[in-house]
Number of protein chains: 2
Amino acid sequence: MQLKSLRLLMAVAETGSFMAAAKQLHTVQSNVTTHIKKLEEELGAQLVHRAGGVRLTSAGLALLDYAERLLAVHDEALALFKSPENAAGQLRLGSMETTMALRLPPILAAYHANFPDVDMTLSTGPTASLIEKLMAGQADGVFVAGAIDHHRYHSLKVFSEQLVLVSPTPMASVPSSEELLTATFLAFRQGCSYRQRIELLLASQGINAVRVFEFGTLDAMLGCVAAGMGYTVLPRITVEAHRHRFGIHTMELPSDIANIDTYFVTPEPATWSPALARFVDTLRQEAKV
Amino acid sequence: MQLKSLRLLMAVAETGSFMAAAKQLHTVQSNVTTHIKKLEEELGAQLVHRAGGVRLTSAGLALLDYAERLLAVHDEALALFKSPENAAGQLRLGSMETTMALRLPPILAAYHANFPDVDMTLSTGPTASLIEKLMAGQADGVFVAGAIDHHRYHSLKVFSEQLVLVSPTPMASVPSSEELLTATFLAFRQGCSYRQRIELLLASQGINAVRVFEFGTLDAMLGCVAAGMGYTVLPRITVEAHRHRFGIHTMELPSDIANIDTYFVTPEPATWSPALARFVDTLRQEAKV
DNA sequence: TAGTAGCTATCTCATTTTGAGATAAAAGAT
DNA sequence: ATCTTTTATCTCAAAATGAGATAGCTACTA
């Protein structure tokens, strides 16, 4: 059974004539005859009355019902891929905790407002496991720290964060080695790229091992810093958004350690679903990159 | 876009391999490649990741969603026509008032029990207008008095009725001409074949015109006969079913006038929809013809 | 009832598409 | 590195398709 044949059947039903149907679909009448005949052979039933003006038989009407449904789905699928204002289906995103907390809400909101037919799922996790998810095909795109150098993947720089040292008391300068040695650090669980920066900071001071507490959420971490439990390293914008709720202080870090870029990593653009392509559009607009 | 291609895409998604997909659908791997490639060109998006084991891209997954819907509808349509135990869609029947009242209820009930997915509509009317409806394509089959001699239509004899003269008082024999001349006749509206029999009866007595009242429903008519308003002519089985409710009496008529057959008339069997074909099956069983 | 106008079925043929096999190229496994 | 498995490409024969020409059918008209 060919979609073409069904479309011809619909045209015949509409126009009540093989010639008019042919004209409507820009073909010739003999082809209409052939297609309808083939359908009739395939289904073993006469679909069209040929006495005088043609009319669908009851078998034809029964098939017409399916033809309409079939072509509606087909046209919908085609429209999805053809017109850039369409997006539907599902979109599986992944993001780091901090990006999710501060950068994504307005973007997700804007996307959902424009493309309400997309079912979004967003999971958070550290950079390493997000990349794994992406490569396993369990996510369509992930927000991670740092670009991926792989020709099958595409990295779009979307945010630039400046990391700052967060402490419970004001500081004049980056703490000395001695101070750091005795200090406690709070960080997200292993795999988080910000934690790697903490270790980088410590390494730059010649310190290899130090006590590090692990947290799962931002609020818990900042609460503990404010309570004097220790230091942490976070994006400036993240800290500033929460500063009014916690009695915390920040200190600039050396730029090689401080500057970290967030990328949106996906498979090659050619493989993007319409939903994903529209998401990247939204991202470009909202993040202004 | 070809249904074949979509089916291949589904097989690829399922098996995760072009070769396995080819085997599953009894074709060769090169054809799978070609079909998928054609889909990709048509939609302008890569549908399948070719790194190592093949996997659908997010665009592929989006299309897969439509492919599944499309093929489900297609298979449903095909199953409808292929397997004789299926029937769906609509069935538009027409029937004479008397047949509807007495013969059809058990048949319609049996049909509906077996094929609940068919939307039945039944309209009643006199033979003439039912035939018109059928010919105009507004009905799929009609129960009428007498066969149709037309090579585009098919008449199936389903019931044999014996017409009797119905009167308010007992009769020893068919009323004489003088009695008939002064009598009033009650009948369905013009077009009803039973009414033609009344006129035939009168003509056999050399009477051309007589007073005839027209009624739309059986109950009204029988009620008026019982009340002594006049005579009527109806199938014996119809009268017997109502005799206990009305004080009426019957009298046999000459067999050439009395015997009348009810036919189920449809377009040619080749044009029957599955729903109609199953109805005729049911009819043959229930009516035992 | 013959004629005519309008439509559909059939036939033909050039073109395109399809399907299958063979082979080359690429990716993983040992 | 070699071998195995899988996909892409090429080729060719067979089949399907689309368009035109023509014959046949139906309904309407005079």
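Residue positions are given per chain, counting from 1 as you read along its sequence in written order. Throughout, the order in which chains and ligands are written sets their labels, letters from A for the former and numbers from 1 for the latter. The predicted origin of the model limits local features to residues at a pLDDT of at least 70 and limits the giving and counting of side-chain atom pairs to 80 or more, whereas totals for whole chains, interfaces and linings rest on all residues. Calculation of side-chain values draws on the structure's entire complement of heavy atoms; hydrogens and water are dropped beforehand.

A. Up close: the interface of chain A and chain B. Whether two residues touch is decided by their heavy atoms; if any such pair falls within 4.5 Å, the residues are in contact. Residue-level contacts link 41 residues of chain A with 42 residues of chain B. In this description, buried area is defined as the sum, over both parts, of the accessible area (probe of 1.4 Å) that is lost when the two are combined. Both sides together, the interface formed by chain A and chain B hides about 3,800 Å², and carbon and sulfur atoms give 62% of it. R69 of chain A is the salt-bridge partner of E76 of chain B, the closest N and O atoms lying 3.4 Å from each other. Throughout this description, a polar contact denotes any pair of N or O atoms lying within 3.5 Å of each other; where both atoms belong to protein, one of them has to be capable of donating a hydrogen while the other can accept it, and for residues adjacent in sequence the pair is counted only when both atoms sit in side chains. Linking chain A with chain B are 18 residue pairs in polar contact (both at pLDDT 80 or more). Secondary structure is summarised from DSSP: a helix means a run of H or I of at least four residues, a strand means a run of E of at least two, and numbering begins at the N terminus for each. Of all the elements in the fold, those that place two or more residues in the side of chain A that touches chain B are α3 (29-43) and α4 (58-82) of chain A. Only Asp, Glu, Lys and Arg are considered charged in this grouping, and only Ala, Val, Leu, Ile, Met, Phe, Trp, Tyr, Cys and Pro are considered nonpolar; every other residue, Gly among them, is considered polar. A breakdown of the residues in the side of chain A that touches chain B according to their chemical character gives 23 nonpolar, nine polar and nine charged. We define a salt bridge as a side-chain nitrogen of Lys or Arg found within 4 Å of a carboxyl oxygen belonging to Asp or Glu.

B. Broad picture of the protein's contact with DNA strand D. Nearness is defined per residue: one heavy atom within 4 Å of the molecule or strand is enough. Around DNA strand D sit 18 residues in total, of which T27, N31 and K38 of chain A together with Q29 and R50 of chain B are the nearest. Take the atoms of DNA strand D that sit within 4 Å of the protein: sugar and phosphate atoms are 62% of them. The contact in question runs from a phosphate oxygen of DNA strand D to an N or O atom on the side chain of T27 of chain A, over 2.8 Å. Residue N31 of chain A places a side-chain N or O atom 3.3 Å away from a phosphate oxygen belonging to DNA strand D. Elements supplying a minimum of two residues to the surface near DNA strand D: α3 of chain A together with α2 (18-24) and α3 (29-43) of chain B. Among the residues forming the surface near DNA strand D, the class breakdown is four nonpolar, ten polar and four charged.

C. Quick peek at the protein's contact with DNA strand C. Around DNA strand C, a shell composed of 18 residues is seen, among which F18 and R50 of chain A together with T27, N31 and K38 of chain B lie nearest. Within 4 Å of the protein, the contacting atoms of DNA strand C are drawn from sugar and phosphate to the extent of 64%. A distance of 2.9 Å is found between a base nitrogen of DNA strand C and a side-chain nitrogen or oxygen belonging to Q29 of chain A. At 3.1 Å from a base oxygen of DNA strand C is found a side-chain nitrogen or oxygen belonging to S30 of chain B. Elements that contribute at least two residues to the surface near DNA strand C include exactly α2 (18-24) and α3 of chain A together with α3 of chain B. Classifying every residue of the surface near DNA strand C gives four nonpolar, ten polar and four charged.

D. View of the pattern of salt bridges. This model, assessed by the stated rule, comprises 22 salt bridges over all chains. When the shortest N-O distance is used, the salt bridge between E252 of chain A and R236 of chain A registers 2.2 Å. Taken together, the positions of E252 of chain A in strand β10 (residues 249-252) and R236 of chain A in helix α11 (residues 236-242) put the pair 16 residues apart, joining distant regions of the chain. Categorising residues by exposure relies on relative accessible area from a 1.4 Å probe, with only protein chains included: less than 20% of the type maximum marks a residue as buried, more than 50% marks it as exposed, and the intermediate range marks it as partly exposed. By relative accessible area, which is 45% here, E252 of chain A ends up partly exposed. With its nearest N and O atoms 2.6 Å apart, the salt bridge here joins R92 of chain B to D140 of chain B.

E. How the structure looks around the packing of helix α6 (residues 104-114) of chain A against helix α13 (residues 274-287) of chain A. Residue and element names in this part refer to chain A. Here, axes are lines fitted to C-alpha atoms. For helices the fit covers the stretch in contact, and angles between N-to-C directions go from 0 to 180 degrees. Running from N to C, α6 and α13 point in directions that differ by 130°, and their axes come no closer than 10 Å. Taken as axis vectors, α6 and α13 run oblique relative to one another. Crossing of α6 against α13: the hand is right-handed. For the pair formed by α6 and α13, the contact residues are P106, I107, L108, A110 and Y111 on the first element and A275, R278, F279, T282, L283 and E286 on the second. An angle counts as roughly parallel when it lies under 35 degrees, as roughly antiparallel when it exceeds 145, as roughly perpendicular when it falls between 65 and 115, and as oblique in every other case. When the near helix sits turned anticlockwise from the far one by under a right angle, the crossing is termed left-handed; a clockwise turn instead gives a right-handed crossing.

F. Representation of the pairing of strand β3 (residues 89-95) of chain B in the model. Residue and element names in this part refer to chain B. Counting buried positions along β3 gives five out of seven residues, so the element sits mostly inside the fold. By the bridge criterion, seven bridges tie β3 to strand β4 (residues 118-124) in an arrangement that is parallel. Bridged to Q90 within β4 is D119. Note on pairing: DSSP must find at least two bridges between two strands before they are called paired. Judged from the three bridges that link them, β3 and strand β5 (residues 141-145) form a sheet pairing that is parallel. Bridge pairing links L93 to G141 in β5.

G. How the structure looks around the environment of L130 of chain A. With respect to the helices and strands, L130 of chain A occurs in helix α7 (residues 127-135). With 35 residues separating them along the chain, L130 of chain A and S95 of chain A place their C-alpha atoms 7.2 Å apart.

H. Structural detail: the domain arrangement of chain A. With domains assigned, chain A is organised as domain 1 (3-82) and domain 2 (89-289). The source of the domain bounds is an automatic or database domain assignment. With centres defined by C-alpha atoms, the gap from domain 1 of chain A to domain 2 of chain A works out at 56 Å.

I. Looking closely at the relation of the copies chain A and chain B. Superposition record for chain A on chain B: RMSD 0.3 Å, screw rotation 180°, translation along axis 0.1 Å. Viewed as a symmetry operation, the transformation between the two copies matches a two-fold axis. Identified as the residue of chain A closest to the rotation axis by C-alpha distance is L70 of chain A, at 2.9 Å. In this assembly, 100% of the residues forming the interface of chain A have copies in chain B that are likewise at the interface, indicating an isologous arrangement. In superposing the copies, a least-squares fit is computed on C-alpha atoms, taking residues whose pLDDT is at least 70 in both.

J. Looking closely at the side chain of S95 of chain A. All names here are of chain A. With respect to the helices and strands, S95 occurs in strand β3 (residues 89-95). Separated by 3.3 Å, the side chain of S95 and the backbone nitrogen of M100 make a polar contact. When sequence neighbours within four positions are dropped, the list of residues in contact with S95 reads M100, L104, L122, S123, T124, G125, L130 and F143.

K. Expanded view of unusual backbone geometry. All names here are of chain A. Of note in this structure, H26 is not a glycine but carries a positive phi near 55°. Mapped onto the elements of the fold, H26 is located in the loop between α2 and α3. Classification of H26 by relative accessible area gives exposed; the value is 74%.

L. Quick peek at helix α1 (residues 3-15) of chain B. The length a helix should cover is 1.5 Å for every residue beyond the first. Taking 1.5 Å of rise per residue, the 13 residues of α1 of chain B would be expected to cover 18 Å, and the 18 Å separating its terminal C-alpha atoms lies within 8% of that figure. Those residues of α1 of chain B that fall on the buried side of the exposure criterion are L3, S5, L6, L8, L9, A11 and V12 of chain B. The elements touched by buried residues of α1 of chain B are α1 (3-15) of chain A together with α2, α3, β1 (48-49), β2 (55-56) and α4 (58-82) of chain B. At the C-terminal side of α1 of chain B, G16 of chain B shows a positive phi close to 70°.

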